[in-house]
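Here's the letter readout for the chains.
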Amino acid sequence: LEYKAPAYGRTFVEVNPAYTTQTCYDCGFVMGSKGTKRLTLHDREWTCPNCHVHHIRDHNAALNILAKGQRLLTRPDQNLEAIY
Ligand SMILES: [Zn+2]
């Protein structure tokens, strides 16, 4: 992806994948916090216990990864570990 991105006019950004699966894209709730269980690899879909939005696991993670990359581009001063 890194070498192909420029050929397609795209920007490649590497992000820390931590919590991209466990975090609700809609409200930021993190599964495993506040007495909830972390999602396992078997949990392909889930409903956020905080905002009740239903998620397809990989789609939710992709949205979080995209948002992390976009934040990194707009706030490059931030440490990757601090962005979630
Ligand atoms: Zn939520």
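Residues numbered from 1 in each chain as written. Predicted model: local features only at pLDDT ≥ 70, side-chain atom pairs only at ≥ 80, totals over all residues. Heavy atoms only, no water.

**Description of the overall build of the protein chain**
Quick reminder of the rule: Numbering of helices and strands starts at the N terminus; helices are DSSP runs of H or I of at least 4 residues and strands are runs of E of at least 2. Each residue is placed in one exposure class: buried if its accessible area under a 1.4 Å probe, protein chains only, is under 20% of its type's maximum, exposed if it is over 50%, and partly exposed if it falls in between. Should any heavy atoms of two residues lie within 4.5 Å, those residues are counted as being in contact. Working definition of accessibility: Shrake-Rupley area with a 1.4 Å probe, residue cover restricted to the visible protein chains.
From N to C terminus, the protein chain includes 1 helix and 2 strands. Listing the helices and strands of the protein chain from first to last along the sequence gives β-β-α. Put simply, the protein chain has 84 residues, and 29% of those count as buried. Summarising the internal contacts of the protein chain: among those between residues at least 6 apart in sequence, 41% fall at separations of at least 24. A total of about 6200 Å² of accessible surface is found on the protein chain, and carbon and sulfur atoms cover 54% of it.

**Digging into the coordination of the zinc ion**
Note the threshold: Only N, O and S atoms count as donors, using a 2.8 Å cut-off from the metal and 3.2 Å for Na, K and Ca, and because water is excluded some sites may appear unfinished. A four-donor site is classed as tetrahedral when every donor-metal-donor angle falls between 85 and 135 degrees; four donors are called square planar, and six octahedral, when trans pairs exceed 155 degrees and all remaining angles lie between 65 and 115, with any other arrangement labelled irregular.
For the zinc ion, every protein donor is listed as Cys24 (SG), Cys27 (SG), Cys48 (SG) and Cys51 (SG), and the spread of their distances is 2.3 Å. The site at the zinc ion holds 4 donor atoms, and with the angles between them running 106 to 115°, its shape is tetrahedral. The sequence pattern formed by the donor residues of the zinc ion is C-x2-C-x20-C-x2-C. Given a relative accessible area of 1%, cysteine 24 falls into the buried group.

**Let's talk about the nonpolar core**
Applied cut-off: Among the buried residues, those of types Ala, Val, Leu, Ile, Met, Phe, Trp, Tyr and Cys that are joined through side-chain atoms within 4.5 Å form a nonpolar core.
Judged by nonpolar contacts, Cys24, Phe29, Met31, Leu39, Trp46 and Cys48 together constitute the single largest core of 6 residues. What leucine 39 contacts, discounting residues up to four positions off in sequence, is Thr21, Gln22, Met31, Trp46 and Arg57.

**Focus: helix α1 (residues 57-74)**
Defined as follows: To estimate how far a helix should extend, the number of its residues minus one is multiplied by 1.5 Å.
In this model, α1 (18 residues) spans 26 Å end to end at C-alpha, consistent with the 26 Å of a helix rising 1.5 Å per residue. Turning to α1, its buried residues number three or more, namely Arg57, Asn60, Ala61, Asn64, Ala67, Lys68, Gly69 and Leu72. On the buried face of α1, the contacting elements are β1 (45-47) and β2 (54-56).

**A few points about unusual backbone geometry**
One non-glycine residue, lysine 34, lies in positive phi territory at about 50°. Along the polypeptide, lysine 34 turns up in the segment before β1. Residues other than glycine seldom take positive phi values, yet histidine 52 does so here, at roughly 65°. Here histidine 52 is to be found in the loop between β1 and β2. The class of histidine 52 is exposed, set by a relative accessible area of 58%.

**Points about the side chain of asparagine 64**
Along the chain, the position of asparagine 64 falls in helix α1. Not counting the four nearest positions on each side in its chain, asparagine 64 is found in contact with Thr20, Thr23 and Tyr25.

Read these as geometric descriptors, not functional statements.
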